[in-house]
Amino acid sequence: MPHINKQMVSFFLTTKCNLCCEYCYNREERAKMIERTLSLEIAKAGIDFFFSENSSRHIRFYGPGEPTQEIKLMKQIVDYAQSIAGKQLTVELQTNGVFARGDREWLLNNINIMWISFDGEPDIHDTQRHFPNGDPTSPYIEENVRWLVTHQKGRNIMVGARVTITDENVERQKDMVDYFTKLGIRYIWSDPVFPSVGSIPAYSDKEKMNTFKFDMSKYVGIYIEATQYAKKKDVFYGSFLTCNFDGVTNKHCRACTPVPHFTPDGYISACDLVTFGENAHHMDCFVYGKWNPLTKSFDIDEDKLNALQQRTTENMEHCKQCSARKYCGGYCLGEVVNETGCLLGQKPHVCMAIRKLLNILGTSESAYPYMHP
Ligand code: SF4
Ligand code: SF4
Ligand code: SF4
């Protein structure tokens, strides 16, 4: 099922985070800001807003920090959504997996889809994702995963891994599959690392581009082996580059609907990469709404909304003749805008990778069990 079918409302709960990851996608903007947390009033209004215009009853918690750092607020939002949606409600969480033991029971009973940012075996994971003092996080994550998996009985919860692939772990994709399987994780999505979001498009940030390196063709080659290996073990191992291979689409993802992501500073963003509305710089095209404290409602920018909706493969020159267009949808607009500064831009090396993956792996025989986070 193409990624655009992942219709949901997201809450960018808080900037608070207990970790200090090497590649944190928004570390520059988070470092400059004072800590901010979404207000319950805006979150409740956000649920009313989304439920009134969309039949989906799926809600999700995501960055810009670690959502479980504000678990009391998360519980209040879930309670409110449940009071409206009842049993139809489903809840998804993207977490760093380092949450308190005392919170596990609630998470077990209330989260349906939990994606843990987990970069594979400890020697790799802990160099990329550690505490601010450099201490390893994998012992805490392993313990939390084991606890959730062993206490899962009869509950509707899936615990999966969302892996960032860097030059450090690109060759370890099969080992990663083994490691996660042993922990009880059976659904894994991998995402190639990309340049972090700053105040100017990455292509014009010479310093950033000089230090950024990632071997995409190596990733593709090893991913192909690893996904086939995982399949034999009855484990799902997907790639962000193949996230639309299980259907036909002319749009990449929910950012083209768009569906709302409520930011801690009271804006509506269309994309996971744009977690603040104020000073979104070159990413401002994703900020299509703002909380109005006087009217207690959201003001929507129809021009931005229309521009996002117009981002189809038919409207992009480089996609029109592409052999992969029906199973790509024009690729991640967040990454593209972050790197090129243009909503209709392109990441040519990613296009080559997508076409190679499609040529070799073909489309998926069935819908993916869990769509990419
Ligand atoms: S857990 Fe997420 S928000 Fe926190 S430092 Fe790591 S990447 Fe950044
Ligand atoms: S990061 Fe990419 S896939 Fe995710 S919402 Fe933004 S545009 Fe869509
Ligand atoms: S692979 Fe590239 S050219 Fe082809 S549809 Fe996707 S974004 Fe467009």
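Residues numbered from 1 in each chain as written. Chains lettered and ligands numbered in written order. Predicted model: local features only at pLDDT ≥ 70, side-chain atom pairs only at ≥ 80, totals over all residues. Heavy atoms only, no water.

S.K.: An account of the overall build of the chain is requested, with residue identities and associated values reported.
M.R.: Regarding its fold elements, the chain presents 13 helices and 11 strands. In terms of overall dimensions, the chain is globule-like: its C-alpha atoms have a radius of gyration of 19 Å, near the 21 Å expected for 373 residues. If one aligns the C-alpha atoms of the chain with their principal axes, the spans along those axes are about 55 × 50 × 40 Å. By residue count, 60% of the 373 residues in the chain fall in the buried class. When contacts within the chain are restricted to residue pairs at least 6 apart in sequence, long-range pairs at least 24 apart make up 74% of them. For the chain, the centre of its 42 positive side-chain charges and the centre of its 45 negative side-chain charges are spaced 4 Å apart. (Helix = DSSP H or I, 4+ residues; strand = E, 2+ residues; numbered from the N terminus. Rg over C-alpha atoms; globule rule 2.2 N^0.38 Å. Buried < 20%, exposed > 50% of the residue type's maximum accessible area, 1.4 Å probe, protein only. Contact = heavy atoms within 4.5 Å. Lys, Arg positive; Asp, Glu negative; His and termini not counted. Charge placed at Lys NZ, Arg CZ, Asp CG, Glu CD.)

S.K.: Quick one: what's the story with the sheet that holds strand E2 (residues 58-62), residue by residue and with numbers?
M.R.: Pairing within the open sheet is mixed, and its 11 strands lie in the order E7-E6-E5-E4-E3-E2-E1-E8-E9-E10-E11. Across the chains shown, the open sheet's two edge strands, defined by having one partner strand only, are strand E7 (236-239) and strand E11 (297-300). Here strand E10 (residues 287-292) pairs with E11 via 4 bridges, running antiparallel. Residue Asn292 lies in a different strand from E11, and its bridge partner there is Ser297. The sheet contacts of helix H9 (residues 216-232) involve strand E5 (158-165), strand E6 (187-192) and E7, and relative to E7 the element is tilted by about 160 degrees. (Pairing = 2+ DSSP bridges. Axes fitted to C-alpha atoms, helices over the stretch in contact; angles between N-to-C directions.)

S.K.: Quick one: what's the story with the site of ligand 2, residue by residue and with numbers?
M.R.: The environment of ligand 2 is made up of Phe240, His252, Cys253, Arg254, Ala255, Cys271, Asp272, Leu273, Cys332, Leu333 and Gly334. Taken together, the residues that form the shell around ligand 2 break down as 7 nonpolar, 2 polar and 2 charged. (Near = heavy atom within 4 Å. Nonpolar A, V, L, I, M, F, W, Y, C, P; charged D, E, K, R; others polar.)

S.K.: So what about the packing of aromatic side chains? Which residues, and what values?
M.R.: Both the distance between ring centres and the angle between the ring planes are used here to describe each pair of aromatic rings. In total, this model carries 20 aromatic pairs according to the counting rule given. Between Tyr179 and Phe180, the aromatic rings sit 5.6 Å apart at their centres with planes inclined by 45 degrees, giving tilted as the arrangement. Residue classification places Tyr179 among the buried positions, given a relative accessible area of 13%. Positioned above the aromatic ring of Phe51, the side-chain terminus of Arg57 is 4.2 Å from the ring centre. The ring of Tyr229 has Lys174 sitting right over it, with the charged end atom 5.5 Å from the ring centre. (Phe/Tyr/Trp six-rings, centres within 6.5 Å; stacked < 30°, edge-to-face > 60°. Lys NZ or Arg CZ within 6 Å of the ring centre and 35° of its normal.)

S.K.: For the side chain of Thr249, give the residues involved together with the corresponding values.
M.R.: Along the chain, Thr249 turns up in the loop between E7 and strand E8 (261-262). At 2.7 Å, the side chain of Thr249 forms a polar contact with the backbone oxygen of Lys251. If we ignore the near neighbours within four places in the chain, the residues touching Thr249 are Pro2, Ile4, Asn244, Arg325, Lys326, Cys328 and Gly329. (Polar contact = N/O pair within 3.5 Å; in protein donor to acceptor, adjacent residues only side chain to side chain.)

S.K.: Break down the site of ligand 3 for me, citing the residues and quoting the values.
M.R.: Near ligand 3 the following residues occur: His318, Cys319, Cys322, Arg325, Cys328, Gly330, Tyr331, Cys351 and Arg355. In the shell around ligand 3, the residues fall into 5 nonpolar, 2 polar and 2 charged.

S.K.: So what about H9? Which residues, and what values?
M.R.: Given a rise of 1.5 Å per residue, 17 residues ought to cover 24 Å, and the 24 Å separating the end C-alpha atoms of H9 matches this to within 8%. When H9 is considered as a whole, its buried residues turn out to be Met216, Tyr219, Val220, Ile222, Tyr223, Ile224, Ala226, Thr227 and Ala230. Those residues of H9 that are buried are in contact with E5, helix H7 (173-183), E6, E7 and helix H13 (348-361). Just downstream of H9 lies Asp234, where phi reads positive at about 60 degrees. (Expected span 1.5 Å × (residues − 1).)

S.K.: Give a description of the nonpolar core that names residues and reports values.
M.R.: If you look at the biggest cluster of nonpolar residues, it comprises 111 residues, and the most contacted ones within it are Phe11, Ile59, Phe61, Phe118 and Phe286. Each residue touching Phe118, except ones within four places of it in the same chain, is listed here: His125, Ile141, Glu142, Val145, Ala161, Arg162, Val163, Tyr179, Phe180, Leu183 and Ile185. (Core = buried A, V, L, I, M, F, W, Y, C linked by side-chain atoms within 4.5 Å.)

S.K.: If you had to explain helix H3 (residues 71-85) to someone new, which residues and values would you point to?
M.R.: Relative to the 21 Å expected for 15 residues at 1.5 Å per residue, H3 spans 20 Å between its end C-alpha atoms, a close match to the ideal helical length. Taken together, the buried positions of H3 are Ile71, Leu73, Met74, Ile77, Val78, Ala81 and Ala85. Down the axis of H3, the smallest arc covering the buried residues is 150 degrees, so these residues share one side. Exposed residues lying more than 90 degrees from the buried face of H3 are Lys72 and Ser83. On its buried face, H3 sits against strand E1 (9-12), helix H2 (40-53), E2, strand E3 (90-95) and helix H4 (104-110). (Arc of directions from axis to C-beta.)

S.K.: Break down the environment of Tyr219 for me, citing the residues and quoting the values.
M.R.: By the secondary structure assignment, Tyr219 is in helix H9. Of the residues examined, Tyr219 reaches a relative accessible area of 0% and is grouped as buried. Separated by 28 residues in sequence, Tyr219 and Asp191 place their C-alpha atoms 9.9 Å apart. Once residues within four sequence positions are removed from consideration, Tyr219 is found in contact with Ile165, Val170, Gln173, Ser190, Pro192, Phe214, Ser239 and Leu241.

S.K.: Quick rundown of the state of the cysteines? Include the residues and the values.
M.R.: Tallying each qualifying case throughout the model produces 0 disulfides. Free cysteine: Cys20, not disulfide-bonded; nearest cysteine sulfur from Cys21 at 7.3 Å. Its relative accessible area of 29% is what places Cys20 among the partly exposed residues. (Disulfide = S-S within 2.5 Å.)

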